[in-house]
Each structure stands twice: as C-alpha cells, then as structure tokens.
Amino acid sequence: MAKTQLSFNLNGQDVDVLVEPRELLIHVLREQLMQTGAHIGCETSHCGACTVDINGQSVKSCTFLAVQAQGAEVMTVEGLASGGELHPLQAAFMEEHGLQCGFCTPGMLMRGYRFLQENPNPSEDDIRQGMAGNLCRCTGYQNIIKSIQKAAADINAADNA
Amino acid sequence: MSAAEDTLERQDQLQGIGCSRKRKEDPRFIQGKGNYVDDVKLPGMLCGAIVRSPFAHAKIVSINKEKALALPGVHAVITADDLKPLGLHWMPTLAGDTQAVLADEKVAFQQQEVAMVVADDRYIAADGAELVEVEYEVLPALVDPHKAMDDDAPIIRDDLVGKDEAGQGKRTHNNHIFTWDVGDKDATDRAFDNAEVTVREEILNPRVHPSPLETCGCVASFDKINGALTVYITSQAPHIVRTVITLLSGIAESKVRVISPDIGGGFGNKVGVYPGYVVAIVSSIVLGRPVKWIESRIDNISTTAFARDYHGIGELAADKNGVIKALRFSALADHGAFNAHAQPTKWPAGLFSICTGSYDIPVAYARVDGVYTNKAPGGVAYRCSFRVTEAVYLIERMIDVLAQKLDIDKAEIRRRNFIKAEQFPYQSALGWEYDSGNYLPALEKVLEACDYEGLRKEQAEKRAKGELMGIGLCTFTEIVGAGPSKACDVLGVGMFDSCEIRVHPTGSAIARMGTITQGQGHQTTYAQIIASELGLSSDDIQIEEGDTDTAPYGLGTYGSRSTPVGGAATAMAARTIRAKAQKIAAHLLEVSPDDVEWDVDRFQVKGNPDAVKTMKEVAWAAYNNVPEGMEMGLETVNYYDPPNFTYPFGIYLCVVDIDRHTGETSIRRFYALDDCGNRINPMIIEGQIHGGLNEAFAVAMGQLISFDEDGNLQGNSLMDYFIPTFVETPHWETDYTVTPSPHHPLGAKGVAESPHVGGIPCFSNAVIDAFAHKGVTHVNMPHTAFNVWKTIHQLGLDN
Ligand code: FES
Ligand code: FES
C-alpha cells in the first residue's frame, strides 16, 4: 500500500515517518517510533490504555489514524518526566500505590495529566467522571483517585510557591 | 540512643516484613518503560493472525489458502493438516483431556481457531486471515449444559466416541467428562431425612471471563543453528509452559527458554497453554523467524479461559435454631468443548470441597458432573483458587437462605455455626484441615464498625415506606497456596515453589523465584522477606522471576500461592543462609556458633553487645575467611513443598440501596475485613483487596458471557462485557485481624483472591436481602439494573 510522509512533534522532538494511510497512531508510536509506553487493551476505544495527548486533548490512539497527527503536538507517557524529574502525577502514583500490573498506567497518567489541566481542583466525584474512559483491572480505582488528588495538591502547592 | 531505639532504627532501615515499602517495579511502569510481551520486537519478526470459526458447531468441508498465500507479505497459512505430520494438531490440556490446536475436521465452538496466517506485520496478517476461505457444514449446537446428557444431544467430541474416559474418570455419555464426589453420602442423606428443617436452592455461578487489561500473547523465536527455542509469553506459569513445550515438541528442556516478561494482569487468564502459542511456536520453527501472536480483546473474551459456569444446587439440613446438621451440594459444570480447566491435575472440580465454609458442619457430601457443550474451553480460576469461588458462593448464599427460612438474623445464624477458635486445627467433613482461624471476634468487629443493628433498624423503616435497601454479609474461608505435592500436581509435577538466593561479597543479594508477578509487587515484597531474615537492606536485594534459564523451577503464580509457597521458600532459603552465616560469624568472633545470637542485622556474642559481626561483614568473609572445611560463598536454593494449604478468611459487609423504579443499585458501603495471617506489606495487601473487590463487583453486578440457542456469543468486546469504570466502582473500606498460619514459616496466608471470592456472595447477599421481606431467597447473578428491575416488577414493588 502506498505510504504517506507523516511529520509531527513527539514529546518535544520533530519526527518523520512513512505510514500507510490506514495505520493507526498507536501502532506507529509503538512499532515505528518504539515508544511502547502507550498500550493496547481493546482497540475499540473502551479501555484507555492507549491514551496520549494530541494538541492539548486526550486521545485514544488505537482509533486515531496516524495521518491525522500530521503537524500535531503529540505527547506520550515517555514525555511526562522532564529534566530528570518525575511529573508530580508519576510521583503520586508511586506514593499512593496507584498501579499494580502497570498496564493501564501510561494511559491513566496521560488522561490524568490532561484532566488536571481541565480541572485543577477536582473532587473525588469529578475524578471518577473525568477519568471514566480509562479502565483498570487491578487497583479498584481507589488508589488512583488518591494519586490524582495528591498530584493536584502538589501541583497547586508548587504553583503557589 | 537506647538499645531498644537502636534496634528499632536498624529494623526500620531494612524496610523488611510489615512495612508499607513503596514498590520497586513502579519507576519503570510510570515512565512507560515496562516490557510487556507486545513490546518485544525481534529482528525479522513476523506476525500471526488467527482465522476463527463463525459457527459454534460445524464440519469443515474445505479450507482454501490460495488467495491468502498470494497476498504479498504473507509467509504461511497454517491449518490442522499442516500440524498433523508433527502430531501437533491436538495438544494435552492440564485436565488430562486433549484440545484441538487448530480445528481438525470440525469446529466445536464459535471463534475456534481454524488457521493462522503468518505475515510481515499485523495489518497484512489480518488481511490474509480475511482471505482464507473456509467452507462449513453447520451442525446443531449444544448450548444448555442441562441438555448435554440427553439421549439425542449432539455429540461435541467425535474424537472421544467409544472412549469411556477423558482423563478424569469414567464417562457415561458422549458429552460427559467426569463425575467427582466427596463425603459420606449415606450419612448425609440420613441427616437430611431426620432434619428439623431443610432448605434447597438452585444457584448459578454464570460463565464469566477474567479479562486482564493486557490480552494473551507470545513471541516465539527458534534458533535453527543451535536448535534452541525462546518464547516470550504472558504466562502465570512459565516453567510449566517450558515443560509442556518440551513434551509437545521433543526439544530438550535445556534448549527451551520461556520468558514471562512484565504481565498486564493475569487473574487466571494466563495459566493455560493456548492454541495461538503452539501455532506461533511451530511457525517460528518452520519459517526460521521470530513469530509474534497477540490476541485481540475479542479473541480474548471469546476463546481463552472463561471461568465458572457452575450450575449448582445447594441444600442444608439444620435444627430449629439454625444449627447446621448436614450439607449437600452439587454442580453441573459446563467446561465447553474441551476440558481445559486449569486445576491441579487430580482435582476435576478443583478445591470445590471447601464448600463447608467457615461453619462446623458434621456431615457433608458434594458432587460435580462435568459436561461438554459447544462453547469455548475452560474454565479457569478467575482470581481465586480452583473452584473456590463457586464453593464459597454456594455456602454463603445457602446460609442466608437458611436464616430467612427460620427467620433468624443473618449475623446471628453465622455466630451459631462458626467453627470456634479452640477447634483449630479443624478437620472439615469433606477432608480439609483448616490451619487457623478466629471468626467470631472478626465478625463482631465488622458489625460494630458498620453499626449493623442501626442498619437493620434503618432497613425496617425503609421497608415500611416501600423503599429497598439490602444488607449483605459474607463470612468466608478460603483455601489457597496449592499445594502439598502429595495432593497437588500439574501434569505430574508437584506444586512446590522455589527461591534461590545469592548474597554477594559486598552484602547485596539477588533472589530468583519460581513464581511470577502480574501486578502483585513481588519485586518489592520478596525483598522485604529476605531483608528481615538476613538483615540486609531490601533496597540492596534484587528479585528476578520469569526467565526459565535463570530462575529455579516453580509452578508459578495463581491460586494465591506466591506468599504461601514462594514466600515460604524465600524464608527457608534465607534461613539456610543465615545458619551458615552464623557459623562464619562465630568463626570471626572466635566463639562457638551456639554462643552467638541474631540481632536484626548482625550476630552478637551472647552477653557481649560489643562483640558483633554484621551480615555485611559476614558476607565479605564468606568469600575469603570461612571456618575450616566449609565451602566458600553464601547462596542456596530452596524448593518448598508446603505441608498444608493455608486458610485465609474474611468478614465482609455490603449495604446497597435500590431504586425501585429503575432497578439501579447503589453500593452505599462496602466494608472488608481480611485475615491473611501475618502481613508482609500492608500497602500492597490493601491494594490487592481493592482490586479483588472490584473484580467481585464486576462479577456480581454485571459480567456474563452469554450465548443464543445457536451458540453465538452475545457480546465479546468491552462494549458489551462489563468492566467497571471509575464511575460504577464503589468506595472500599478495609480492615484486618491477624491469625497467623501455624505451619507457614512466616505465619502468612496469601490474600489477593479473598476479596474476589468473598466479595461476590457479599454483593449478592446484599441485593437479595433487599427483597428478603418479600420472600425472595435467591436471584442469580449478574444483578444488572434490568435483572433487578425484573425482580421488582415481578413483586409489584414498582407501583
Ligand atoms: S486500546 Fe485504545 S481504548 Fe483500548
Ligand atoms: S494496574 Fe493493572 S490494569 Fe491498572
């Protein structure tokens, strides 16, 4: 199948790849660009394991054609830490035991990253609603909620410092 | 600093048993650096896609591969005929049956594996699979297990016609797999005949699927030059997989390397050996290139490892006061088209005989009949020990049924029947020796924490107003940690587990285990055990699992066996090392080994606190200055064969409010008290309990694998199959008591499955309790809004 040139910015770096028009972004990220943080749990938009951030929005990359990312700013879990420092969300997931098998975690973190920008002071119920597109089979969600609350507090404290 | 403070501080520094140490596996997962099977990419790797049957039961008239093979990028299309010359078109199951690897002349369940297309990448493989033309002649499907043994029932397994045995005892019908029973039937029948009251209920544990977030898959890589095979695989039991591969392929076990990389949840789904694995391995051997096969979610829900499908009948006999005199349980077990349940080989119904629960029942009898139907093969233990959920569900439902019949409070009837603390070790009527337990104080603790009496008052007031509120109790005992090798084996291999520890000269250590973590945090907790036993900081202890080339042989992680068996092996290995270290320390201190004693992280000459050698110092000496005649080095391996199972228990309470117009349920409160014996990492235990409760919630309130009368699966994506999201999932409250296991070296019992096993009946008991005043004694799961509404509507409570 004829391939298309695709250029976008991934975690702060410009990348160029050749893709088939039918290729899904998750496969291009994982198999061509070797960013295997985003995972595949369903390929039907239900589980959120493949969640990445595109132009400031949470996107399930398993149902997003790679060519739709032309010129976009794409961020994956690999881009979350900066300057050798974990993002407060990453640190909070570790602190509050917000993960077990870790398979949902990259998607949770990327959705949480965007969610906290949409709602910097969420209640427990806000988190339950705002994160509902991401499934976890291991944690029963409670410690993920705690992790997000802790991250929100840490981010707000740092902003006010 | 006082001596006591000094001891405490040194203990804290170790981060050993009992502390909520942060997990060592987290840094890689939170940075996207986990290494799951689909992350494995080898040079020249090909991808496999499976062609599946659209019918539940059909003859295969022909398979035409031509179009698929003509597609550029397709390397092979493999069918049963290609596997036949190798004798690999069928494979043994863990249950002593055989299973078609690729359909051999007929298909016996919808989505059965018919062919695999191997191609350059997953897109071409999927295209190729579309191009394989299979002609079928449809046969009548058998869906209802109750009709499996009818005279005119369609025969599922033509290969077994005329055979009166399918690996688990005598068969009496073409669709019969086994009949298994235990207990004193005559004495039980007599007790029922003479009983003051009896109750009987038909109780279903419906077919469900564990659905870990990561599906199953493998990458097989055969090295033609050396005749060696490496398989990366999502397996909860890599060593057994290696043995099975050798038995199937004839490749020496020393040339087969199985690697379970990071695993995205297992829950029983990743114990068995599936057709996709076998075909990927054969493809790699034939094509000489690595071959990856990863299930889609739909493949996963449709084919690999359903759980339950136990159609039970519970009966209790009691006196007027609700004291149980006898128990009689039976179940019709639907195993699908092949008996591929994952249980210790000699246990056709797993550990179902734990069904007398937490109660002192003098006589009992249990029987399970297994049958074939045109459904996917199984069934596995979904976050439980083998068939323990089914057993616990029956007894915990039946005791509620008995309470309602006698109008005795549901907490009170449990008090009257509990095994008493002084009865342990307790010999159950069906043959188990419960190691330890203390049920009554735990029950009282929960009742008080939740103000049980207040809840019952509130319920009475609500009922008077026509509102629906239910209170569910579950006071369960589990049986985990399979198991003593005299009782348990898998394909003849005893169910021990193992740990190898090497202490390095500078006082760090590496331990390798026969188990394999799937989210339980083994890298964190095993190191804590070794830290406490050896007095080395847990941060200096590396834990490795899952690579059969380096790890000692073990039976893997399922049935909550890691702590009971692997954890015991770890403690025993560490103790062997400490015993040697003691001799070296005595040698260094120039006293006899009996004159030194252990103090957190060092040996000290008795009565002389200044004469000490730390474990670090001893480690160094182990490589240059040992007593005469002693071997150098500080390492050992332990294979632990447990003397008994462990018997964790729990007391759960659930409060549910039900909307009497829509049937929607709202879990107001869920309180879980668990007793898993001594606790290694409370943070991880709590996390396991949250997760297990959520999976219990899923099963009780929504999960169901259902079929129409032609055997078509009604919903096999996450659109239809219920996985609770953040929104539905209740808030969990956890609590604990500690009743150590007397036979486990650490007094630990295992915990991860209790919340699933105990949670399911607790949710059901709550929902059904909401209707108890209307005479409802049982309603089958799942308690979806629609199902609950049907009960409401039948009772006329919605107007
Ligand atoms: S893999 Fe994209 S939502 Fe599940
Ligand atoms: S941690 Fe395993 S799915 Fe979320």
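Bear in mind that the values here come from a model prediction, so they are computed numbers and not experimental data. (Residues numbered from 1 in each chain as written. Chains lettered and ligands numbered in written order. Predicted model: local features only at pLDDT ≥ 70, side-chain atom pairs only at ≥ 80, totals over all residues. Heavy atoms only, no water.)

All names here are of chain B. Position of Pro-43 among the secondary structure elements: in the loop between helix 2 (26-30) and strand 1 (46-52). Overall, the relative accessible area of 73% leaves Pro-43 in the exposed class. Along the sequence, Pro-43 and Arg-289 sit 246 residues apart, while their C-alpha atoms lie 8.5 Å from each other. (Helix = DSSP H or I, 4+ residues; strand = E, 2+ residues; numbered from the N terminus. Buried < 20%, exposed > 50% of the residue type's maximum accessible area, 1.4 Å probe, protein only.)

Okay, the sheet that holds strand 29 (residues 602-605) of chain B next. Residues and elements named next belong to chain B. Across the sheet, which stays open at both edges, the three strands sit in the order 28-29-30 with antiparallel pairing between neighbours. If you trace the sheet from one side to the other, it starts and ends with strand 28 (596-599) and strand 30 (608-614), each paired once. Mean inter-strand twist for the sheet, computed between neighbouring axes without regard to direction, equals 35°. Most of the contacts of helix 15 (residues 562-589) go to strand 29, to which it runs at about 45°, and overall it touches strand 28, strand 29 and strand 30. (Pairing = 2+ DSSP bridges. Axes fitted to C-alpha atoms, helices over the stretch in contact; angles between N-to-C directions. Contact = heavy atoms within 4.5 Å.)

Attention now goes to unusual backbone geometry. Along the chain, Phe-424 of chain B connects to Pro-425 of chain B via a cis peptide bond; the corresponding omega equals -5°. Position of Pro-425 of chain B among the secondary structure elements: in the loop between helix 11 (410-417) and strand 20 (426-427). A cis geometry characterises the amide bond from Ala-482 of chain B onward to Gly-483 of chain B, with omega recorded as -25°. Inspection of the secondary structure assignment puts Gly-483 of chain B in the loop between strand 22 (468-477) and strand 23 (489-490). Of note in the backbone geometry, His-97 of chain A takes a positive phi value of approximately 55° without being a glycine. Structurally, His-97 of chain A is set in the loop between helix 2 (88-95) and helix 3 (105-118). A positive phi angle is found at Glu-105 of chain B, which is not glycine, with a value near 70°. Of note, Glu-105 of chain B is situated in the loop between strand 5 (98-100) and strand 6 (106-107). Exposure remark for Glu-105 of chain B: the relative accessible area of 57% places this residue in the exposed category.

We now examine helix 1 (residues 25-32) of chain A. In terms of burial, helix 1 of chain A is largely enclosed, as six of its eight residues are buried. Those residues of helix 1 of chain A not exposed but buried are Leu-25, Ile-26, His-27, Val-28, Leu-29 and Arg-30 of chain A. Against strand 1 (4-10), strand 2 (13-19) and strand 3 (51-54) of chain A together with helix 5 (122-131) of chain B lie the buried residues of helix 1 of chain A. Of the residues trailing helix 1 of chain A, Met-34 of chain A is marked for its positive phi of about 60°.

If you look at soluble globular proteins, the nonpolar side chains tend to sit buried side by side. Residue and element names in this part refer to chain B. Among the nonpolar cores identified, the biggest contains 218 residues, and Phe-352, Leu-653, Phe-670, Phe-763 and Phe-771 are the most heavily contacted of them. Here this core gets 11 residues from one element, more than from any other, and that element is helix 10 (residues 388-406). Phe-763 has contacts with Cys-654, Ile-667, Phe-670, Leu-693, Ala-696, Phe-697, Ala-700, Met-701 and Trp-732, leaving out every residue within four places of it along the chain. Counting residues in each nonpolar core, the second largest holds 44 residues, with Cys-499, Val-565, Ala-573 and Val-605 among its members. (Core = buried A, V, L, I, M, F, W, Y, C linked by side-chain atoms within 4.5 Å.)

Taken together, the 51 residues of chain A in the interface contact 52 residues of chain B. For the chain A and chain B pair, buried surface summed over both sides reaches about 4600 Å², with 57% attributable to carbon and sulfur atoms. The salt bridge partner of Arg-137 of chain A is Glu-695 of chain B, with a shortest N-O separation of 3.7 Å. The tally of links from chain A across to chain B stands at 24 residue pairs in polar contact (both at pLDDT 80 or more). Elements represented by at least two residues in the side of chain A that touches chain B include exactly helix 1, helix 2, helix 3, helix 4 (124-130) and helix 5 (142-160) of chain A. Its residues assigned to classes, the side of chain A that touches chain B shows 25 nonpolar, 17 polar and nine charged. (Buried area = accessible area lost by both parts, 1.4 Å probe. Salt bridge = Lys/Arg side-chain N within 4 Å of Asp/Glu carboxyl O. Polar contact = N/O pair within 3.5 Å; in protein donor to acceptor, adjacent residues only side chain to side chain. Nonpolar A, V, L, I, M, F, W, Y, C, P; charged D, E, K, R; others polar.)

This part is about helix 14 (residues 522-534) of chain B. Since one α-helical turn is 3.6 residues long, residues separated by three or four positions face the same way. Taking 1.5 Å per residue, 13 residues should reach 18 Å; helix 14 of chain B reaches 18 Å between its end C-alpha atoms and fits that length. Where helix 14 of chain B terminates, the next one or two residues include Gly-535 of chain B, which has phi positive at roughly 70°. (Expected span 1.5 Å × (residues − 1).)

Residues and elements named next belong to chain B. With mixed pairing, the four strands of this open sheet are ordered in space as 27-26-25-31. The open sheet has two free edges, formed respectively by strand 27 (541-545) and strand 31 (635-640), since each of these has just one partner strand. Neighbouring strand axes in the sheet, compared pairwise and without regard to direction, differ in orientation by 15° on average. Helix 14 rests against strand 25 (497-503), strand 26 (509-513) and strand 27 of the sheet, and its axis sits at about 135° to strand 27.

On to the packing of aromatic side chains. Residues and elements named next belong to chain B. Taken as a whole, this structure holds 29 aromatic pairs over all chains when the rule is applied. Taking the centre distance of 5.4 Å and the plane angle of 75° together, the rings of Phe-55 and Tyr-136 count as edge-to-face. Placement of Phe-55 in the loop between strand 1 and strand 2 (58-64) and of Tyr-136 in strand 8 (residues 133-138) is noted, with a sequence separation of 81 residues between them. Each member of the aromatic cluster is reached from another via a ring pair, and the members are Phe-476, Tyr-652, Phe-670, Phe-697, Phe-722, Trp-732 and Phe-763. Directly above the aromatic system of Tyr-558 lies the positively charged group of Arg-561, at a separation of 5.6 Å from the ring centroid. Between Arg-679 and the ring centre of Tyr-736, over which it is positioned, the NZ or CZ distance is 3.5 Å. (Phe/Tyr/Trp six-rings, centres within 6.5 Å; stacked < 30°, edge-to-face > 60°. Lys NZ or Arg CZ within 6 Å of the ring centre and 35° of its normal.)

A few words now on the confidence of the model for chain B. Summarising the model, chain B shows a mean pLDDT of 96, and 100% of its residues fall at 70 or more. As a predicted assembly, this complex carries a pTM of 0.97 together with an ipTM value of 0.98. (pLDDT = per-residue confidence, 0-100.)

All names here are of chain B. Among the structural elements, Met-781 can be located in the loop between helix 18 (754-769) and helix 19 (785-794). Looking at Met-781, the relative accessible area reads 5%, which means it is buried. With 79 residues separating them in the primary sequence, Met-781 and Gly-702 have C-alpha atoms 7.7 Å apart. Non-local contacts of Met-781, meaning those with residues more than four positions away in its chain, are made with Leu-204, Asn-205, Pro-206, Tyr-393, Val-699, Ala-700, Ile-760 and Ser-764.

All names here are of chain B. Contact geometry of helix 14 with helix 15 gives a least axis separation of 9 Å together with a crossing angle of 35°. In the packing of helix 14 onto helix 15, the handedness of the crossing is right-handed. On helix 15, the residues touching His-522, Tyr-526, Ile-529, Ile-530, Ser-532, Glu-533 and Leu-534 of helix 14 are Ser-562, Gly-566, Gly-567, Thr-570, Ala-571, Ala-574, Arg-575, Ile-577 and Arg-578. Of the residues belonging to the contact of helix 14 with helix 15, the class tally is seven nonpolar, six polar and three charged. (Left-handed = near helix turned anticlockwise from the far one by under 90°.)

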